[in-house]
Protein chains: 2
Amino acid sequence: MGSLASEPASVTKHGVEEPTESWVLNTPEPPSLWDELTSVVRKTIVPRQKKSSSLLKCSISALYGLFPILRWGRNYDFKSFKSDLMAGLTLASLGIPQSIGYANLAKLSPQYGLYTSVVPPLIYAVMGSSRDIAIGPVAVVSLLLSSMIQKVVDPSVDPNAYRKLVFTATFFAGIFQASFGLFRLGFLVDFLSHAAIVGFMGGAAIVIGFQQLKGLLGISHFTNKTDVVSVIKAVLVAVNQPWHPDNFLLGCSFLIFILITRFISRRNKKLFWLAAVAPLLSVILSTLMVFVTRADKHGVKIIQHVDGGLNPSSAKQIQFTGPYVGKCAKIGLICAVIALTEAIAVGRSFASMKGYQLDGNKEMLAMGFTNVAGSLTSCYVATGSFSRTAVNVSAGCKTTISNIVMAITVFIALELLTRLLYYTPVAILASIILSALPGLIDIKEACSIWEVDKMDFLACLGAFLGVLFGSVEIGLLIAVAISFFRIIISSIRPRIEMLGRIQGTDIFCSMRQYPKTTETPGILIIHIESSFLCFMNANFIRERVMRWILDERDDTEKAGKSLQSAVIDMSNVMNIDTSGITVLEEIHKKLTSVNIQLAIANPAWQVIHKMKLARLVDKIGGTWIFLTVGEAVEACSGAKKDDGCGC
Amino acid sequence: MGSLASEPASVTKHGVEEPTESWVLNTPEPPSLWDELTSVVRKTIVPRQKKSSSLLKCSISALYGLFPILRWGRNYDFKSFKSDLMAGLTLASLGIPQSIGYANLAKLSPQYGLYTSVVPPLIYAVMGSSRDIAIGPVAVVSLLLSSMIQKVVDPSVDPNAYRKLVFTATFFAGIFQASFGLFRLGFLVDFLSHAAIVGFMGGAAIVIGFQQLKGLLGISHFTNKTDVVSVIKAVLVAVNQPWHPDNFLLGCSFLIFILITRFISRRNKKLFWLAAVAPLLSVILSTLMVFVTRADKHGVKIIQHVDGGLNPSSAKQIQFTGPYVGKCAKIGLICAVIALTEAIAVGRSFASMKGYQLDGNKEMLAMGFTNVAGSLTSCYVATGSFSRTAVNVSAGCKTTISNIVMAITVFIALELLTRLLYYTPVAILASIILSALPGLIDIKEACSIWEVDKMDFLACLGAFLGVLFGSVEIGLLIAVAISFFRIIISSIRPRIEMLGRIQGTDIFCSMRQYPKTTETPGILIIHIESSFLCFMNANFIRERVMRWILDERDDTEKAGKSLQSAVIDMSNVMNIDTSGITVLEEIHKKLTSVNIQLAIANPAWQVIHKMKLARLVDKIGGTWIFLTVGEAVEACSGAKKDDGCGC
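Residues numbered from 1 in each chain as written. Chains lettered and ligands numbered in written order. Predicted model: local features only at pLDDT ≥ 70, side-chain atom pairs only at ≥ 80, totals over all residues.

**What to know about the overall build of chain A**
From N to C terminus, chain A includes 29 helices and eleven strands. Counting all 647 residues of chain A, 53% fall into the buried class. In chain A, the share of contacts with a sequence separation of at least 24, taken over all contacts with a separation of at least 6, comes to 83%. (Helix = DSSP H or I, 4+ residues; strand = E, 2+ residues; numbered from the N terminus. Buried ≥ 20, exposed ≤ 12 C-beta atoms within 10 Å, placed from the backbone. Contact = placed C-beta atoms within 7 Å.)

What follows is the structure in C-alpha cells.
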C-alpha cells in the first residue's frame, strides 16, 4: 500500500511552469451520473460495435454472434470430424449410464436423463462458443432440483405433478439464463465466489454420495431430506430391517472396477477411453449378470421399464398458473445460477487451457435457449459437466460437433436399446454416480484457499458445512452471506494507515508495511484505505482520524515538540458522498480549532469535483490541496518554518 | 485517479543502497485474520484503556463512563443551575403540549405522552453524555410506532391490547439500543445515510401533517393507512359529510398565532421564549375559550378525561409470549434505529456547535436504558427531539439538569393540572404538531445534496416518496436499498483508468482527470480503482484489462509501433481474494502468450503477501514487481531497449 509522491522541487526542476496545485483544482468536470448511466446502457445494448458498418453487415455479425457454428462451420474439415466422431462416441458411452443415474438422482424415470442428453447438446452445439464443453444432466443440478421440488410435491406420491414442476422450473431456469445473457447481467453469477463454489461442490458431492446409499443398499423407504444426519438415520433404520446384501455387493464390485479402470487411465494417458467406457461396460455386464441369474427375484432391485423413442413434447406440462409458479420460478433461478456457474467454470478453464476467449454473456444466452428448448422436450436442466467435458477433451474433440455425435448416439440408444435396460440393477447407477463424485471434491484447491486467504476459506467451509448439515439452499445462502459480509465489513471498517517517508526520497509509504520509513517531524500523514468515503464509514473515519491526530499531538507535546500539520492522503478514495464531505468539513473545523493545519493530497476526480461543489475547497483553502503527498509535506514544512517554530 | 511515483533513479540518487524492489518483496507479514479478529474483540471489550490502572480505578472510571453526571456534577454550581432552571421551565412549557399531541399521533391517551416526558429525561440526565439534548416523545417515532402497531391491533377496537404492544415494542427498542451500545454496533445506525434521513424526515413530516387533518377537521372516522393517497381520499369522504368548521377555525387561528410568535422570535433572538411558550399559551387560551363558550356542545372535539398522577407501572403489560412478540421485536428494532438516528444526529450537531465530543456507543447505551426504564413505567419510545433541543439550547441550558427540571415540571402538571385539560380542543393539538413540522423538512439540505451528489439525492428522493406514497417502512427500505445498491455497484464495476506521465516528472496520473498527461510509448499503464479485487469484480477487471491491452496493441500496431509492456498499478487494491489472484495469474499468462511484459506496481500489504503465498510472485517474477509506477516504467523501457526494439 502506500501512496507515492514526488516533491514539487523535482517538478520545477524538470521544467513544468505552473504549480501542480492548479492541476488538482482545474481538472475537467467528471462525467455526470446521467452520462455514466447512458454510457452503461449504450454499452449494454450495442456492445463493442465497430462504426461505419451497414445494416446487413450488422445483422450478419449478430447472426454469427448468436450462432458461432456459422463462423467455424465453413472451415470444418473431415479430419476434425474424425476427431469429433471419436470424442462424441466416447462421450456417449460415458453419458448414457451417467444420464440414467442422474435422472434417478433427480427422482425422474431413466428416460428423462437420456432425453436431457439429446436436445440440449444439439441446441448448444449451434449456439455455444465453447468448443470443449459436454452438455447434459449433471449431478449437482439434479440434486438441487429434486431436493427443492420434492418439498413442494412428493415424487413418490404424484410423479406426474412432480414432473410438471420439474419442466416448469427448467423453463424458468432457461428464461433466467437467457435474460442474464441478454441484459448482460453476467455479474450475477460472480456473486458466488470461487471459494464458495469449491465448498458448495464438495458438500454437494458428499450429499449426493450419501443419497446413493439408497440404491447401493437397495432401500425402499428413504428420507426426502438431503442433510447427512437425516440420511444416516434413515440408513441405520433401513439396515436394522431385513435387507438384501446382493445389491451392495454388486454395486461395490462394479464401483471398484470403475475406479481401477480410472487409475489405469491416469497412469497411461493412451488408455483414457478405458475410464470412459467402464461405466457402460459395467451396465452391460451387470445387466447380463442379473438377466442370466434372475437375481431380481432374489432382492436385487432393477430399473424395469424404460420408455423408448425420441423426446416427447412437454410444452403442455409447463405451468404458468397455479399455486406453485412462484416457487418454480425461485427454484429455476437457483438452478439457473448454479448451472451457469458450473458451465462457465468448466468452459473457461478449458478455453484458457486451449487459449481462446469465452464471452460469458453469450454463453448465458446459449445456455438459456438450450434449457428453454429442453423444457419443451421433456428435458430437465442441462449444463456443462465437469467429468464428461474432461473426457471429451481427452478424446480429442475439436468442436461442438462431438456434442451432436453424442446426442445422435443417445437418440439411437433411446430408439433401440431401452428394452435392454430392463434388468439393469439400480445399484450400478449408484456406483456410476459415486465414481463421478471425487472429481467434485477439490481438497487441493481447498488447501490452497486456506493457505492464501483465511476469510475465503471460511466462505468455502460455510458452504460445505451448510450443504452437508443444512440443505443445498442453506449452503448457498451461507456462502453468499459470508462473501458479502466480508465486502461490507471492509467497506464500513476501512484501514487507515500512517505514512512515512522512504529516507532520501519523496516516496511515502505505509509505516506498518515498510517499517524502514521514517516519520516527518511535526507532520502526521494519514492514508485512508477505502475507495468510497460514504455514510457507511464516514463516522468511523472521522473518529479514527481525529483520535490519531489528537493522540499524536499529545505524544509530540510530551516530547516537547508540537504537531503542526496533518496531511490526509486521499489517493485511494475514489468517490465521496454528502456524509463524507460533512466529515471532511468537521475534521477541518476541529483541526483549525486546535491550530493544526489540514492538507489534502491527491483527491480523485469525483472527490475534488464534489469538494468544489460543496464549497469545501474554499473552506480548506485551495492552496492546501496538493497533487502529491510530497508537495503537501513540503508546503507544511515551509509554513512551519515561516511561523518560526521549526522542529 | 492517479497514482504518484518517483523514478528509481531519484532513489539511488539520494543514497538508498538497496533497490526498492526488495522493499516490496521483503515486507513483514501482515496481521493474520486471527490477529485482526482478536484485536477487534479486545478493542470492543476494553476500549481505549490506559495500562497500569488498579481494579478500583478501573471500576470508578467505568462508573464515570456510565454516569457522566458523577463527573461534571462535582463542579456543578448555582449559576449553571439558574440557567438550567430557566431552560427546563421553558422546555416544559413547550414539552407539555407537544407530548399530548404526540401521544395523540401515537394513538395513545394524552397522559402517556406526559409520562414519556417524565421518566426518560430523568434516566437520560444521569446516563447521557450530551449536555443539550431534550428527551421525550417525538413526532416521527410516534408515527412509526402507531403506523406499525395498528396493523397488528386496532387501537380504536382494543386500546388495552394496543397499549401492551406499544410497551412491549418500547422495551425491545430499549434492549436493542442498549445492546448496540454494549457491543459497539454503532455502525448499524450509519446504514441510514444522511441523505436518506433528510428524505425520510421530510416525507414523515408531510405524512404527519396529513394525519393532523383528522384533528383539525374534527373527523371521527379516519383511515388507518399513512400514505398520502389514502389520507386524501379519507379526508374527501369526510368533508363531503356534515362536519364542524369550528374545529378547523380554532386550529388554524392558533396555528397562525404560533407561527407568528416563531417569526417574531427568529427576528429578535431575545424573544426566543415567545415561540417556546406559544403552544402552552394556545392550549390555555383555547381551553378557556371552549370552557367559557361550551363550544364542545356545538361540535368542537375536546380531549375529555386525562388520568392524573405519576406514571403507573407497566411492567406486567410487557408481553414475552403470545403471537405478537416477534412483530413487536421487529417494530422495536426499527424504532430503535430511527430513534437513535435522530438522537445522535441532534446530539452530534449541538455537541459540534459547542465543541465537545459525543461517544456514539455510550449514547446508545444511555438511550437503551432510558427506553427500558420507560417501557416499565408506561412510557413509549423516547428520544432526542429536534425542536425541543433547539429551544433548550436557546434558553441557555448548561447540563442535563434542564431535563430534570422539565421532568419535575411535567410531573407537577400531571399531579395537579390534568383536570384542566378536559376542555382542551383536539384541533389545538393538531396545530401544535403542525407547527413543529417545518423543522423536519430541510429543503435547503435537499438542494445541496442534489448539487453535490446526484446518487445521494436519489436515495433522499426514494425515501421521501416511499414514505409519502408507500409507508414508513417502505420509505426506509428504499433508502437503505438505494444506498447499498450504490456501494455494491461501485464494488462490482470499479473504474479502471489509463495513467499518463506529467511531463518532466515521475508523477503518473489518470489521463482523463489530467488531460495534459502523456502516454509512455510502448507501455500501457492501467490503474485499478477498487479497494478489493475479489470474486465480485475479478472477471470484470480481467475482461476490461485484457480488452484494453489488446485494443491498445492493435492500435499501436496499426501505427507501426508495438506494445511492449503493461504496468498494472495496484496502489488502490487493498485486499485480494483467491478469485483475484486467479485473475492476475490469467492476465499474466495471456500477456506472456502475446509477448507483452506484465509489471505490477505498488501492491498493498495484504496483496503482496497473498501473491507470495499463492506463488504468483514467482510466476510473474520478483523483478517485475515494483514499489512505484515510475520504477516499473523505467524497468519496462530498459527491457525494451535491451531487446533492441526501442520506439
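**A short note on the pairing of strand 6 (residues 523-529) of chain B**
Residues and elements named next belong to chain B. Along strand 6, seven of the seven residues are buried, which leaves the element largely enclosed by surrounding structure. Side chains of strand 6 alternate between two faces, with I523, I525, H527 and E529 and L524, I526 and I528 buried alike. Bridging between strand 4 (residues 495-501) and strand 6 involves four bridges; their strand directions are antiparallel. For M498, the partnering residue across the bridge sits in strand 6 and is I526. As defined by bridge partners, strand 6 adjoins strand 8 (residues 565-569) across five bridges and the pair is classed as parallel. Paired with I525 across the bridge in strand 8 is V567. (Pairing = 2+ DSSP bridges.)

**Section: helix 20 (residues 401-416) of chain B**
Residue and element names in this part refer to chain B. The end-to-end C-alpha separation of helix 20 is 23 Å, in line with the 22 Å expected for 16 residues at 1.5 Å each. Among the residues making up helix 20, those that are buried are I401, S402, N403, V405, M406, A407, T409, V410, F411, A413 and L414. Each element contacted by the buried residues of helix 20 is listed here: helix 6 (78-105), helix 7 (110-116), helix 8 (119-127), strand 2 (135-136) and helix 19 (386-394). (Expected span 1.5 Å × (residues − 1).)

**Quick look at the relation of the copies chain A and chain B**
Expressed as a screw transformation, the operator carrying chain A onto chain B has a rotation angle of 180 degrees and an axial translation of 0.1 Å, and the superposed copies differ by an RMSD of 0.1 Å. Taken together, the turn and the small shift mark the pair as related by a two-fold rotation axis. Take the interface residues of chain A: 99% of them recur as interface residues in chain B, which is what a same-surface contact looks like. (Least-squares fit on C-alpha atoms with pLDDT ≥ 70 in both.)

**Brief notes about the domain arrangement of chain A**
Here chain A is partitioned into domain 1 (76-486) and domain 2 (494-642). For domain 1 of chain A and domain 2 of chain A, the distance between their C-alpha centres works out to 56 Å. (Domains from an automatic or database assignment.)

**Comments concerning the UniProt feature "domain: STAS" (unreviewed entry) in chain A**
Residues given the UniProt feature "domain: STAS" (unreviewed entry) here are residues 533-636 of chain A. Across residues 533-636 of chain A, helical content stands at 57% and strand content at 14%; the span's end C-alpha atoms are separated by 24 Å. (UniProt positions renumbered as here; feature names shortened; annotations may be inferred.)

**Quick look at helix 19 (residues 386-394) of chain A**
Within the sequence span of helix 19 of chain A, burial applies to S387(A), R388(A), T389(A), V391(A) and N392(A). Positive phi appears at G396(A), one or two residues downstream of helix 19 of chain A, with a value of about 90 degrees.

**What to know about the interface of chain A and chain B**
Note: interface size is frequently given as the accessible area lost on complex formation between the parts. Facing 75 residues of chain A, the contacting portion of chain B comprises 75 residues. In terms of residue count, helix 26 (residues 578-593) of chain A provides more of the side of chain A that touches chain B than any other element does, six residues in total. Of the residues that constitute the side of chain A that touches chain B, the class distribution is 32 nonpolar, 32 polar and eleven charged. (Nonpolar A, V, L, I, M, F, W, Y, C, P; charged D, E, K, R; others polar.)

**Examining the pairing of strand 4 of chain B**
Residues and elements named next belong to chain B. For strand 4, the tally of buried residues reaches five of seven residues, placing the bulk of the element in the interior. Relative to strand 5 (residues 507-510), strand 4 runs antiparallel, the two sharing three bridges. By the bridge assignment, R501 is partnered in strand 5 with F508.

**Some details on the environment of T293(B)**
Residue placement: T293(B) occurs in helix 16 (residues 272-293). Distance in space between the C-alpha atoms of T293(B) and D442(B) is 40 Å, their sequence separation being 149 residues.

**Comments concerning unusual backbone geometry**
The residue N602(A) is not glycine, and still its phi comes out positive at about 55 degrees. The topology assignment puts N602(A) in the loop between strand 10 (597-601) and helix 27 (605-613). Its identity as a non-glycine residue notwithstanding, R615(B) has a phi of 60 degrees, on the positive side. Checked against the element boundaries, R615(B) lands in the loop between helix 27 (605-613) and helix 28 (616-620).

**Quick word on the packing of helix 6 (residues 78-105) of chain A against helix 19 of chain A**
Residue and element names in this part refer to chain A. Two elements in contact, helix 6 and helix 19, have axes whose closest approach is 8 Å; the angle formed by their N-to-C orientations is 160 degrees. Classed by the angle they form, the pair helix 6 and helix 19 counts as roughly antiparallel. Crossing of helix 6 against helix 19: the hand is right-handed. Side by side, helix 6 and helix 19 meet where A87, T90, L91, L94, G95 and Q98 of the first sit next to R388, V391 and N392 of the second. A per-class count over the contact of helix 6 with helix 19 returns four nonpolar, four polar and one charged. (Axes fitted to C-alpha atoms, helices over the stretch in contact; angles between N-to-C directions. Parallel < 35°, antiparallel > 145°, perpendicular 65-115°, else oblique. Left-handed = near helix turned anticlockwise from the far one by under 90°.)

**A short note on the environment of L143(B)**
Residues and elements named next belong to chain B. The topology assignment puts L143 in helix 9 (residues 139-149). Residue class for L143 comes out buried when judged on the 24 C-beta atoms lying within 10 Å of it. With 31 residues separating them along the chain, L143 and Y112 place their C-alpha atoms 15 Å apart. Apart from the residues within four sequence positions on either side, L143 is in contact with L105, A204, V207, I208, T226 and V472.

**Structural notes on the confidence of the model for chain A**
All names here are of chain A. When pLDDT is averaged along chain A, the result is 85; 93% of the residues meet or exceed 70. This stretch, residues 1-18, has a pLDDT under 50; its non-local contacts, to residues over four places away or in other chains, come to 67 contacts. Contacts of residues 643-647 to residues separated by more than four positions or lying in other chains number eight contacts, the stretch itself having pLDDT below 50. Reported for the predicted complex are a pTM of 0.80 and an ipTM of 0.81. (pLDDT = per-residue confidence, 0-100.)

**Let's talk about the environment of Y112(B)**
All names here are of chain B. Tracing the sequence through the fold places Y112 in helix 7. The exposure class assigned to Y112 is buried, which follows from the 25 C-beta atoms found within 10 Å. Taking the C-alpha atoms as reference, Y112 lies 9.6 Å from V306; in sequence the two are 194 residues apart. Setting aside its immediate chain neighbours within four residues, Y112 contacts A103, S378 and Y380.

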